[in-house]
Amino acid sequence: MFARMNIVGQTCFNHFFSTPKICTVLSKRFMSAKLIDGHKLAREIKDEVKFEIEKLLKAGKRSPALCVVQVGDDPASKTYIKSKIKACQYTGIESSSVHLPEKIQETELLNVIRDLNKDDFVDGILVQLPVPRHITERRVCNTVDPSKDVDGFNVINVGRFCSDQMTFIPATPAGIMEMLRRTGIETFGKNAVVCGRSKNVGMPIAMLLHADGIYETKAGDATTTICHRYTPPDQLTIFTKTADIIVSATGIPKLITADMIKEGATIIDVGINRIKDEGTGRTKIVGDVDFEDVAKKAGFITPVPGGVGPMTVAMLTKNTLMAYKKEFKFE
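Residues numbered from 1 in each chain as written. Predicted model: local features only at pLDDT ≥ 70, side-chain atom pairs only at ≥ 80, totals over all residues. Heavy atoms only, no water.

Undergrad: I'm lost on helix H8 (residues 171–183) in this one. Help?
TA: The end-to-end C-alpha separation of H8 is 18 Å, in line with the 18 Å expected for 13 residues at 1.5 Å each. Burial runs high along H8: 10 of the 13 residues are buried. (Helix = DSSP H or I, 4+ residues; strand = E, 2+ residues; numbered from the N terminus. Expected span 1.5 Å × (residues − 1). Buried < 20%, exposed > 50% of the residue type's maximum accessible area, 1.4 Å probe, protein only.)

Written as structure tokens, this is what we have:
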């Protein structure tokens, strides 16, 4: 039933470009739910990263370094890269970018990545997705050295993550779990529903919610259901009505409505959709959740924009610091 999602990198980073004032306005206008302020939580994380980097510099060590590779001139990709560079500047991470032409051959791109793998002064490598259609995305992700794979997309990192070993976890699901923890939202023994099964958001957040918390990933121990575009609408409602936590990452406006949730549920909206504002005629950004009505019934809710997006960027800086510190051993 779900429309195909855009690349998750496109979906998530748009949240970053909103002001904290939006959160205040929303909370005053129509909310009984507690708003989870992604900007505030993201600033906490970035401040922690910044503090650690300042200690490194005082000890005479160099800053962590992130290199972002962009293929082509997609305007959205430029915007996302700008947000990442801004976060790096704030935390003290050295950032650089490699801009390659749209028509570059796959072998040339892979060689650029291999050169970065060998560069001892590059700690983290991020290839901005999507790549042009003539390039195989999975091959690109797997070429990034897993010890520098701050996106967590290399199959080795995916495998380690799925077997409850500490590794680089994709920034958006990692950010969602950090949101839940820092807000004090219990996951142990709770019912969770994840709408969307993308490899970069839906699958990893479902893994983090359901896996055993005694292992390295410190997962959520929730009973987790994944719904997707082939889940019948009536069945989706059955699942969401029993959920203590709902994470929606589908790219479908108003997929989750007030009649689909139970009182006090936690709603995490990862969706990013551009629609026409009927009042102004301008384009506005909304999530997957019918925010105004759902906020009257939920216990906690994330806004769009200003919710998950800032957390995604913050967790990228945290992953880069971990790459610098070589916290994970790949043998």
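Read on, since the account is not over.
Undergrad: What is the right way to read the pattern of salt bridges from this model?
TA: A side chain of one charge can pair with a side chain of the opposite charge if their charged atoms are brought near each other. Evaluation of the coordinates by the stated rule reveals 11 salt bridges. Notably, a salt bridge pairs Asp123 with Arg62, separated by 2.8 Å at the nearest N-O pair. Of this pair, Asp123 sits in the loop between helix H5 (106–118) and strand E4 (124–127) while Arg62 sits in the loop between helix H3 (38–58) and strand E2 (65–71), and the two are 61 residues apart along the sequence. Taking the relative accessible area as the measure of exposure, Arg62 reaches 29% and is therefore partly exposed. (Salt bridge = Lys/Arg side-chain N within 4 Å of Asp/Glu carboxyl O.)

Undergrad: How do you make sense of the nonpolar core when you look at a structure like this?
TA: In a soluble, globular protein the nonpolar side chains are often hidden away together inside. Judged by nonpolar contacts, the single largest core of 31 residues is most densely connected at Ile176, Ile205, Leu209, Val247, Ile268 and Val270. Elements supplying a minimum of two residues to this core: H3, H8, strand E5 (191–195), helix H9 (202–210), strand E7 (245–248) and helix H12 (308–325). When residues in this core are grouped by element, the largest group, six residues, is from H8. Here Val247 is in contact with Ile176, Val193, Val194, Cys195, Ile205, Leu209, Ile268 and Val270, once residues within four sequence places are set aside. Formed by 21 residues, the second largest nonpolar core is a distinct cluster that contains Ile246, Ile256, Ile261 and Ala298. (Core = buried A, V, L, I, M, F, W, Y, C linked by side-chain atoms within 4.5 Å. Contact = heavy atoms within 4.5 Å.)

Undergrad: Is there a simple way to think about the packing of aromatic side chains in this case?
TA: Describing an aromatic ring pair means giving the distance of the ring centres and the angle of the ring planes. Evaluated as defined, the whole model comprises one aromatic pair. Between Phe168 and Phe328 the ring centres are 4.9 Å apart and the planes differ by 85 degrees, which places this aromatic pair in the edge-to-face class. With Phe168 in the loop between helix H7 (155–162) and H8 and Phe328 in the segment after H12, the pair connects residues that are 160 residues apart, well separated along the chain. Look at Phe168 and you get buried, because its relative accessible area is 1%. Its relative accessible area of 9% is what places Phe328 among the buried residues. Sitting over the ring of Tyr90, Lys50 keeps its end group 4.7 Å from the ring centre. Above the face of the Phe330 ring, Arg160 is positioned so that its terminal group lies 4.6 Å from the ring centre. (Phe/Tyr/Trp six-rings, centres within 6.5 Å; stacked < 30°, edge-to-face > 60°. Lys NZ or Arg CZ within 6 Å of the ring centre and 35° of its normal.)

Undergrad: I tried to follow the packing of H3 against H8 on my own but got confused; where do I start?
TA: Helix-helix packing is characterised by the crossing angle of the two axes and by the distance between the axes. For the pair H3 and H8, interaxial distance at closest approach is 11 Å and the crossing angle is 95 degrees. Comparing the axis directions of H3 and H8 gives the class roughly perpendicular. Residue-level contacts link Gly38, Leu41, Glu44, Ile45 and Glu48 of H3 to Glu178, Met179, Arg182 and Thr183 of H8. Tallied by class, residues from the contact of H3 with H8 come to three nonpolar, two polar and four charged. (Axes fitted to C-alpha atoms, helices over the stretch in contact; angles between N-to-C directions. Parallel < 35°, antiparallel > 145°, perpendicular 65-115°, else oblique. Nonpolar A, V, L, I, M, F, W, Y, C, P; charged D, E, K, R; others polar.)

Undergrad: How do you make sense of the state of the cysteines when you look at a structure like this?
TA: Working definition of a disulfide: a covalent bond connecting the sulfur atoms of two cysteines. Summed over the entire model, instances satisfying the criterion amount to zero disulfides. Here Cys195 stays free of any disulfide, with the sulfur of Cys227 as its closest cysteine sulfur at 5.2 Å. According to the relative accessible area criterion, Cys195 is buried, its value standing at 0%. In this structure Cys227 comes out as buried when scored by relative accessible area, which is 0%. (Disulfide = S-S within 2.5 Å.)

Undergrad: When you look at the sheet that holds E4 in this model, what are you seeing that I'm missing?
TA: Strand pairing in a sheet relies on backbone hydrogen bonds, with the paired strands running either antiparallel or parallel. Pairing within the open sheet is parallel, and its three strands lie in the order E3-E2-E4. The open sheet terminates on both sides in strands that have one partner only, identified here as strand E3 (94–100) and E4. Neighbouring strand axes in the sheet, compared pairwise and without regard to direction, differ in orientation by 20 degrees on average. Judged from the four bridges that link them, E2 and E4 form a sheet pairing that is parallel. Considered in E4, the bridge of Leu66 is made with Gly124. Sitting on the sheet, helix H4 (residues 75–91) is in contact with E2, E3 and E4, with an inclination near 175 degrees to E2. (Pairing = 2+ DSSP bridges.)

Undergrad: For this particular structure, what's the right way to read unusual backbone geometry?
TA: Backbone geometry follows two general trends: most residues other than glycine have a negative phi, and most peptide bonds adopt the trans configuration. A cis amide bond, omega 5 degrees, links Leu129 with the succeeding residue Pro130. Looking at the element boundaries, Pro130 is found in the loop between E4 and helix H6 (137–143). Cis rather than trans, the peptide bond between Val304 and Pro305 has omega equal to 0 degrees. With respect to the helices and strands, the residue Pro305 is situated in the loop between strand E11 (300–301) and H12. Even without being a glycine, Lys218 presents a positive backbone phi close to 50 degrees. Mapping Lys218 onto the fold places it in the loop between H9 and strand E6 (223–227). The phi dihedral of Lys254 is positive, around 55 degrees, even though this residue is not glycine. Counting through the fold element by element, Lys254 comes out in the loop between E7 and strand E8 (266–269).

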